[in-house]
Amino acid sequence: MVKQIAVVGPHGCGKTALIQRYVKQRFSESYCGTVISDTTLDSMNNIIWDTPGNTRFQHDVDKIIEKSKGIILCFSPSDSNSFNQAWAMIGHYEKPVVMAATKTDIEPFYIRDEWSSEARNRNAKIISTAASTGKGISQVFREILDVVDEEDISLKTLSEQLGSCINYGASYVI
């Protein structure tokens, strides 16, 4: 039994750093934008999809969101457009969402009233995170994993899921 989570958000908001801190307990200062989707397994063999933030890859992001059972929606609270861009990326999908306000160790953590209202309307919780320090990372993943359904995925299905990364041009990382 596994859970599938998509980590979605605008370009440069810290999605990959969030995943790496959660799965490998490490943080790298170097930055390389995610151009192709990547799949990682956590310690419980849950599937975590890292998605590109560039809107030209939205078709691939949509396919990953369709496969996932829940979404960690990342945004930079210091970028006034980041919050709205994040919501636009997940569009009409009705899946559980937990929001990660990223980089709060180096950027101001101020959540506007309209953001809080929008998150409440969509039953999403906003959690302050910092991949460099680990702040809030476990909480974000615990919150989303607690509300998504497990799937009985056979090895064949898992192989197909992970093999579909090749169709997206992605790699599989443990």
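It should be noted that the structure appears before, not after, this text.
Residues numbered from 1 in each chain as written. Predicted model: local features only at pLDDT ≥ 70, side-chain atom pairs only at ≥ 80, totals over all residues. Heavy atoms only, no water.

**A closer look at the nonpolar core**
In a soluble, globular protein the nonpolar side chains are often hidden away together inside. Counting 26 residues, the largest nonpolar core has Val8, Leu73, Phe75, Trp87, Ile90, Val97 and Met99 as the members making the most contacts within it. For this core, the element with the highest residue contribution is helix H3 (residues 82-90), accounting for 5 residues. Membership of the second largest hydrophobic core comes to 19 residues, among which are Tyr22, Val98, Val140 and Ile144. (Core = buried A, V, L, I, M, F, W, Y, C linked by side-chain atoms within 4.5 Å. Buried < 20%, exposed > 50% of the residue type's maximum accessible area, 1.4 Å probe, protein only. Helix = DSSP H or I, 4+ residues; strand = E, 2+ residues; numbered from the N terminus.)

**Quick word on the layout of surface pockets**
By volume, the second largest pocket amounts to about 240 Å³. Only H3, strand S5 (97-101) and helix H5 (137-147) provide two or more residues apiece to the lining of the second largest pocket. Tallied by class, the residues present in the lining of the second largest pocket amount to 8 nonpolar, 3 polar and 5 charged. (1 Å grid on protein atoms, 1.4 Å probe; cavity = no way out; pocket = protein on both sides within 12 Å on 5 of 7 lines; lining within 4 Å. Points joined across faces, edges and corners; volume = space filled by probe spheres on them. Nonpolar A, V, L, I, M, F, W, Y, C, P; charged D, E, K, R; others polar.)

**So, the environment of Thr55**
By the element assignment, Thr55 lies in the loop between strand S3 (47-50) and helix H2 (58-67). Exposure remark for Thr55: the relative accessible area of 62% places this residue in the exposed category. When the C-alpha atoms of Thr55 and Gln85 are compared, they prove to be 9.4 Å apart, with 30 residues separating the residues in sequence.

**Quick notes on the environment of Phe141**
Along the chain, Phe141 falls in helix H5. Phe141 sits 136 residues away from Ile5 along the chain, and the two C-alpha atoms are 9.0 Å apart. In this structure Phe141 touches Leu18, Ile19, Tyr22, Ile48 and Ile72, once residues within four positions along its chain are discounted. (Contact = heavy atoms within 4.5 Å.)

**What to know about the pairing of strand S4 (residues 70-75)**
Within S4, 6 of the 6 residues are buried, leaving the element largely enclosed by the surrounding structure. Side chains Gly70, Ile72 and Cys74 project from S4 onto one buried face, and the interleaved Ile71, Leu73 and Phe75 project onto a second face that is buried too. As defined by bridge partners, strand S1 (residues 4-8) adjoins S4 across 4 bridges and the pair is classed as parallel. Of the residues in S4, the one forming a bridge with Val8 is Leu73. In the sheet, S4 pairs with S5 via 5 bridges, with the strands oriented parallel. Bridging from a neighbouring strand, Leu73 pairs with Met99 of S5. In this view, the connection linking S4 to its parallel neighbour S5 by way of H3 has right-handed handedness. (Pairing = 2+ DSSP bridges. Right-handed = clockwise from strand over helix to strand, strands pointing away.)

**Considerations on the packing of aromatic side chains**
Applying the stated criterion to the full structure yields 5 aromatic pairs. An angle of 5 degrees between the planes, with centres 3.8 Å apart, marks the rings of Tyr22 and Phe141 as stacked. Highlighted residues: Tyr22 in helix H1 (residues 15-24) and Phe141 in helix H5, separated in sequence by 119 residues. Judged by centre distance (5.2 Å) and plane angle (85 degrees), the ring pair of Phe75 and Phe83 falls under edge-to-face. Across the pair, exposure class does not vary: Phe75 and Phe83 are buried alike. Taken together, the aromatic side chains of Phe75, Phe83, Trp87 and Trp115 make up a single cluster linked through ring pairs. Between the NZ or CZ atom of Arg122 and the centre of the ring of Trp87, over which it lies, the distance is 4.1 Å. The positively charged end of Lys135 is found above the aromatic ring belonging to Phe109, 5.9 Å away from the centroid. (Phe/Tyr/Trp six-rings, centres within 6.5 Å; stacked < 30°, edge-to-face > 60°. Lys NZ or Arg CZ within 6 Å of the ring centre and 35° of its normal.)

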